[in-house]
Every structure is written in structure tokens, then in C-alpha cells.
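Chain by chain, the residues:
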Amino acid sequence: QVQLVESGGGLVQPGGSLRLSCAASGTIFSLYVMGWYRQAPGKQRELVAAISSGGTTDYGEDVKGRFTISRDNAKSTVYLQMNSLKPEDTAVYYCFARRTNYNSYWGQGTQVTVSS
């Protein structure tokens, strides 16, 4: 059974930084596209960032230039470095894993709150 466990969320002031981690188990991590979505209250879930098995990255427009996604296949972990955080980045952040013709998987979510 595939499990995704997120960590690193919390409360940070505007302009601050956080790093989220998502550790995967129960699958061949390196074969999956990994990434993060977020959902703020009253809003639809939106893509934050994704990284392919080969390291190609994709970012949502609102986070380009501020967030960086990376992966460590040896540790089966994907990271999201978030800099220059804004109050509008406040949301629950969900890790995901997807692979063509296979099931997709989601983490339980971690809360990120940007507030002074």
C-alpha cells in the first residue's frame, strides 16, 4: 500500500520561508510524477508544483520564482521550498504521486498559514 506522509507546515510571517517534505513508501518512488496541490478555504484545489521522474518541473503561476520543488529518489522524498511567502499562500498543501495507467495517491495534507 502506497503512503505519502507530509511534514513541514506551520505558521510563518509574510516574507518568510518554509520547506515541506513528503515521504513515500510502498511503491517505486522514482517512477512517479510527484508534486503538491493546495486548497484554501472556499477555493478549488490548485496545482502548486510538480516534478517528473526525470526532474522536469512545473509550477503554478502564482508561485513561480518563489517556490522550488525537488526530489531525492534515494530517500523517496519530494520537497517544496517556499520563499517570500504571502498571506494568499495560506492553504492546506497536499502531496500527490501519479503515474500513467496506475492509481494516483494523496497525502493527508499539511496546513500552511502565512500571517503576521
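Look up: the structure comes first, before these words.
Values in this document were obtained by computation on a predicted structure and should not be read as measured data.

Focus on the packing of aromatic side chains
Counted under the stated rule, the structure contains four aromatic pairs. An aromatic cluster of three or more residues is present, and its members are Tyr 37, Phe 96 and Trp 106. The residue whose ring lies beneath Arg 45 is Tyr 94, and the NZ or CZ to ring-centre distance is 4.0 Å. The aromatic ring of Trp 106 is capped on one face by Arg 45, whose charged end is 4.8 Å from the ring centroid.

A closer look at unusual backbone geometry
Notably, Ser 76 is not glycine yet its phi reads approximately 55°, a positive angle. Mapped onto the elements, Ser 76 comes out in the loop between strand E7 (67–72) and strand E8 (77–82). Look at Ser 76 and you get buried, because its relative accessible area is 18%. In this model, Ser 84 sits at a positive phi of 50°, which is unusual for a non-glycine residue. Along the chain, Ser 84 falls in the loop between E8 and strand E9 (91–98).

Rules behind the numbers
Along each chain, numbering runs from 1 in the same order as the chain's sequence is written. Residue-level local features of this predicted model are given only where pLDDT is at least 70; pairs of side-chain atoms are given and counted only at 80 or more, and the full residue set underlies all totals for whole chains, interfaces and linings. Derived side-chain values reflect all non-hydrogen atoms in the structure, with water molecules and hydrogen atoms excluded from consideration. Think of it this way: a Phe, Tyr or Trp ring, Trp meaning its six-membered ring, pairs with another when their centres are within 6.5 Å, and the plane angle makes it stacked under 30 degrees, edge-to-face over 60, tilted otherwise. Whether a charge sits over a ring comes down to the Lys NZ or Arg CZ being within 6 Å of the ring centre and within 35 degrees of the ring normal. Helix and strand assignments come from DSSP, with helices taken as H or I runs of at least 4 residues and strands as E runs of at least 2, each series counted from the N terminus. Exposure categories follow from relative accessible area, calculated using a 1.4 Å probe and restricted to protein chains: below 20% of the type maximum is buried, above 50% is exposed, and the middle band is partly exposed.

By themselves, these figures tell us nothing about what the structure is for.
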